[in-house]
Amino acid sequence: MIKQIFTILILLTFFNSNAQNLFSEQFDDCHQARFSFCLDCGETKAQSESDINEYFKEHLTDFSPKLKGQVLVQVIVDSTGNQCVKSLQSKTNRSIKKLKLKDKINSMSDWKPAISKGKERSATVVLEFVFNNGQVETRYKRFDTKNQSNMKSVGPVEIDRKGKYKNKLDPNSFEVFTTQNSIIPWDMSRAIISEQNGVIWHGTDNGIVRVENGNMILFGSKNTPIKATPYNKKKLQSIMHSAIDSKGNKWFVGGKSAYKYDNENWQVFDTINSPLNWTTRVYADKVGNVWFPSSKGLIKYDGQNWSVMDTTNTKLPSNRIMGVFLDSKNRLWIGTNKGNIRIDGQTVTEFNDNSPLATSTLTKGFEDSTGTIWFSLYEKFPQTKGFAKFKTDGTWEIISTDNSDIPRNDVLDFAVDEKNNRIWLSLNRVGISMYDGENWQTFTPENSKVPSTYVQRMTLDNKGNLWCATFAGLLKIKME
């Protein structure tokens, strides 16, 4: 079971947006990560020439005999055999900081690269450390990417603050669609959008499903140009994000490609006919532009022409774009991994200590009918702020665990339902929290039918129902 869950988590996160980090504790000093690398690939796998089990028995000796649990470490080995730790996940009963796993792995000197078709390749390798009864066992985690069937991940509920969280909704309010009870081709999903007429478009890791009045239509290899994955030609590339532009065109992104659908025809944009390199997000503003955050700047398509904003032609603090939003005053808000700016004509605003954007990165924006702008925020761990609103008087209000009953500040997505006075938050590794104007309620796999703690995207239909793309199926919370 542990091996199965592990394989699932690797595949779902490898194609995610966080610079190909597999695990939650991430390290930015891994220079090998700047280059393209594959996942445990090659006829000859990347590995150390040492017996890693014996090596770490010798080098990991100073730990408590009461230490128990599992540690997974993502190691990138480049084509010359240089290695570095990219990310880490610990599921142990005690802190592992004193073990200095990262330093010990980085100091090894006998790694060999992966060999694929006779050539050296940069690759990700995962090491598993199991601690029990004062002993440590170390091994490689290997898996076959060519033989993957449909997968899903429920994930453990991880609450930052203690307390009992309320769920007052009728259990029948939750409806989950999976490969077992619908035509959905893949349970793992990360994209969802809704049209004004209530039609839902659900992007999965193996195709798109259109939902209208309970009827589903599958868009897959036979009726879309979505490309197949390089490791399995029978599986389509993951749809990572989606948007609807001002003309009603549907946009879907999947790494190096973007797909536009006008309800009749598909159009593909990739590295050949656009500046797209690698993007996991798409945002459509209300004036006809479609924006693609990337690691090489902010890419804009105005319906005819492409352009790129980066540090060479703007005051962007970094080329790695995390979020973008254009408000009703034509002010462009841009979040990067090194700070945020707002462009208002020729004026560029940076944010001081009076703003949550001084220490957090905006990932999504939404302007309500009063002119208040809502933002989801990202911080490197620990996440102290996750959601905020910018009021019309120029002041900020932060919604966090400090002043509300949400259990965690790590916000993946949000939806503001003005008509019914509700705010919905998708909380990473928790589930969903909802504010009804008076109280917060939280829905997790433990206290509701929410199928996963990974609720990647959410959208509201024209009746106020919430639809969610999760790592374990399509979720509908009926509020009509």
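Below is a summary of the structure that appears in this document. Just so you know, these numbers come straight off a predicted model, no measurement behind them.

## Considering the pairing of strand E31 (residues 396-399)
Argument step 1. In this structure, strand E30 (residues 387-390) lies alongside E31, joined through four bridges in antiparallel fashion. Across the sheet, residue Phe387 finds its bridge partner in E31, namely Ile399.
Argument step 2. Two successive antiparallel strands, E30 and E31, enclose a turn made up of five residues, where Gly394 displays a positive phi of approximately 90°.

## Side note on helix H2 (residues 52-59)
Argument step 1. Every buried residue belonging to H2 is among Ile52, Asn53, Tyr55 and Phe56, and all of these are buried. Angularly, the buried residues of H2 cover 160° about the axis, an arc narrow enough to put them on a single face.
Argument step 2. Against the buried residues of H2 lie strand E3 (47-48), helix H3 (101-106), strand E9 (123-132) and strand E10 (135-140).
Argument step 3. Its side-chain oxygen placed 3.1 Å from the backbone nitrogen of Asn53, Asp51 serves as the N-cap of H2.

## Some thoughts on the sheet that holds E31
Argument step 1. Ordered in space as E28-E29-E30-E31, the four strands form an open sheet in which the pairing is antiparallel. Taken across any chain shown, the strands that pair with only one partner, and hence form the sheet edges, are strand E28 (361-367) and E31. On average, adjacent strands in this sheet sit at an angle of 25° to one another, irrespective of strand direction.
Argument step 2. One ladder, built from six bridges, connects E28 with strand E29 (residues 373-378); its direction is antiparallel. What sits directly across from Phe366, in E29, is Trp374.

## Side note on the sheet that holds strand E11 (residues 174-177)
Argument step 1. An order of E11-E38-E37-E36 is seen for the four strands of this open sheet, with the pairing classed as antiparallel. The sheet is open, and its two edges are formed by E11 and strand E36 (455-460), each paired on a single side. The average angle at which neighbouring strand axes cross in this sheet is 20°, direction not considered.
Argument step 2. Note that E11 and strand E38 (residues 473-477) share four bridges and pair antiparallel. Across the sheet, the residue bridging to Phe177 is Leu474, located in E38.

## Points about the side chain of Arg408
Argument step 1. As for its placement among the helices and strands, Arg408 is situated in the loop between E31 and strand E32 (411-417).
Argument step 2. Reaching out from Arg408, the side chain makes a polar contact with the side chain of Asp160 at a distance of 3.2 Å.
Argument step 3. At a separation of 3.4 Å, a polar atom in the side chain of Arg408 contacts the main-chain carbonyl oxygen of Asn428.
Argument step 4. Apart from residues lying up to four places away in sequence, Arg408 is in contact with Glu158, Asp160, Thr401, Leu427, Asn428, Arg429 and Val430.

## Observations regarding the state of the cysteines
Argument step 1. Counted under the stated rule, the structure contains two disulfides.
Argument step 2. Each sulfur of the disulfide joining Cys38 and Cys41 lies 1.6 Å from the other.
Argument step 3. Judged by its relative accessible area of 10%, Cys38 falls in the buried class.
Argument step 4. Look at Cys41 and you get buried, because its relative accessible area is 14%.
Argument step 5. What links to what in the protein: the bonded cysteines, counted in sequence order, pair as 1-4, 2-3.

## Comments concerning the packing of aromatic side chains
Argument step 1. A complete count under the given rule lists 33 aromatic pairs for this structure.
Argument step 2. Taken together, a centroid distance of 6.4 Å and an interplanar angle of 90° make the contact between Trp111 and Tyr140 edge-to-face. Residue Trp111 is found in strand E6 (residues 111-112), and its partner Tyr140 is found in strand E10; the two are separated by 29 residues along the sequence. Accessibility classification places Trp111 together with Tyr140 in one group, the buried group.
Argument step 3. Chaining the aromatic ring pairs together yields one cluster made of Tyr283, Phe325, Trp333, Phe351, Phe375, Phe390 and Trp396.
Argument step 4. Stacked on the ring of Trp333, the Lys or Arg Arg342 has its end atom at 4.9 Å from the ring centre.

## Digging into the pattern of salt bridges
Argument step 1. Going through the model one piece at a time under the given rule, you end up with 19 salt bridges.
Argument step 2. Residue Asp29 pairs with Lys102 through a salt bridge whose shortest N-O separation is 2.8 Å. Here the residue Asp29 occupies a position in the loop between strand E1 (25-26) and strand E2 (38-39), and Lys102 occupies one in helix H3, the gap between them amounting to 73 residues.
Argument step 3. The buried category is assigned to Lys102, whose relative accessible area is 19%.
Argument step 4. Residues Glu212 and Arg210 are paired through a salt bridge, measuring 2.9 Å at the closest nitrogen-oxygen approach.
Argument step 5. Taken together, the shared-partner salt bridges in this structure form one network comprising Glu158, Asp160, Arg408 and Arg429.

## Some points on the side chain of Asp327
Argument step 1. Mapping Asp327 onto the fold places it in the loop between strand E24 (321-326) and strand E25 (332-336).
Argument step 2. In this structure the side chain of Asp327 is engaged in a polar contact, spanning 2.9 Å, whose partner is the backbone nitrogen of Lys329.
Argument step 3. Side chain to side chain, Asp327 and Trp333 meet in a polar contact 3.0 Å long.
Argument step 4. Once residues lying within four places of it in the same chain are set aside, the contact partners of Asp327 are Trp333, Glu367 and Ile373.

## Describing the nonpolar core
Argument step 1. Phe56, Leu60, Val73, Leu127, Phe129 and Phe131 are the most contacted members of the largest nonpolar core, which has 30 residues in total.
Argument step 2. Every element with two or more residues in this core is listed here: H2, strand E4 (69-77), strand E5 (83-92), H3, E9 and E10.
Argument step 3. The dominant element in this core, judged by the number of residues it contributes, is E9, at five residues.
Argument step 4. Core analysis: the second largest hydrophobic core is formed by 23 residues, Leu357, Ile373, Phe390 and Trp396 among them.

## Focus on the environment of Thr370
Argument step 1. Secondary-structure assignment places Thr370 in the loop between E28 and E29.
Argument step 2. Engagement of the side chain of Thr370 in a polar contact is seen with the side chain of Asp368, the distance being 2.6 Å.
Argument step 3. One polar contact links Thr370 to Thr372, side chain to side chain, over a distance of 3.2 Å.

Rules behind the numbers
- Residues numbered from 1 in each chain as written.
- Predicted model: local features only at pLDDT ≥ 70, side-chain atom pairs only at ≥ 80, totals over all residues.
- Heavy atoms only, no water.
- Pairing = 2+ DSSP bridges.
- Helix = DSSP H or I, 4+ residues; strand = E, 2+ residues; numbered from the N terminus.
- Buried < 20%, exposed > 50% of the residue type's maximum accessible area, 1.4 Å probe, protein only.
- Arc of directions from axis to C-beta.
- Contact = heavy atoms within 4.5 Å.
- Polar contact = N/O pair within 3.5 Å; in protein donor to acceptor, adjacent residues only side chain to side chain.
- Axes fitted to C-alpha atoms, helices over the stretch in contact; angles between N-to-C directions.
- Disulfide = S-S within 2.5 Å.
- Phe/Tyr/Trp six-rings, centres within 6.5 Å; stacked < 30°, edge-to-face > 60°.
- Lys NZ or Arg CZ within 6 Å of the ring centre and 35° of its normal.
- Salt bridge = Lys/Arg side-chain N within 4 Å of Asp/Glu carboxyl O.
- Core = buried A, V, L, I, M, F, W, Y, C linked by side-chain atoms within 4.5 Å.

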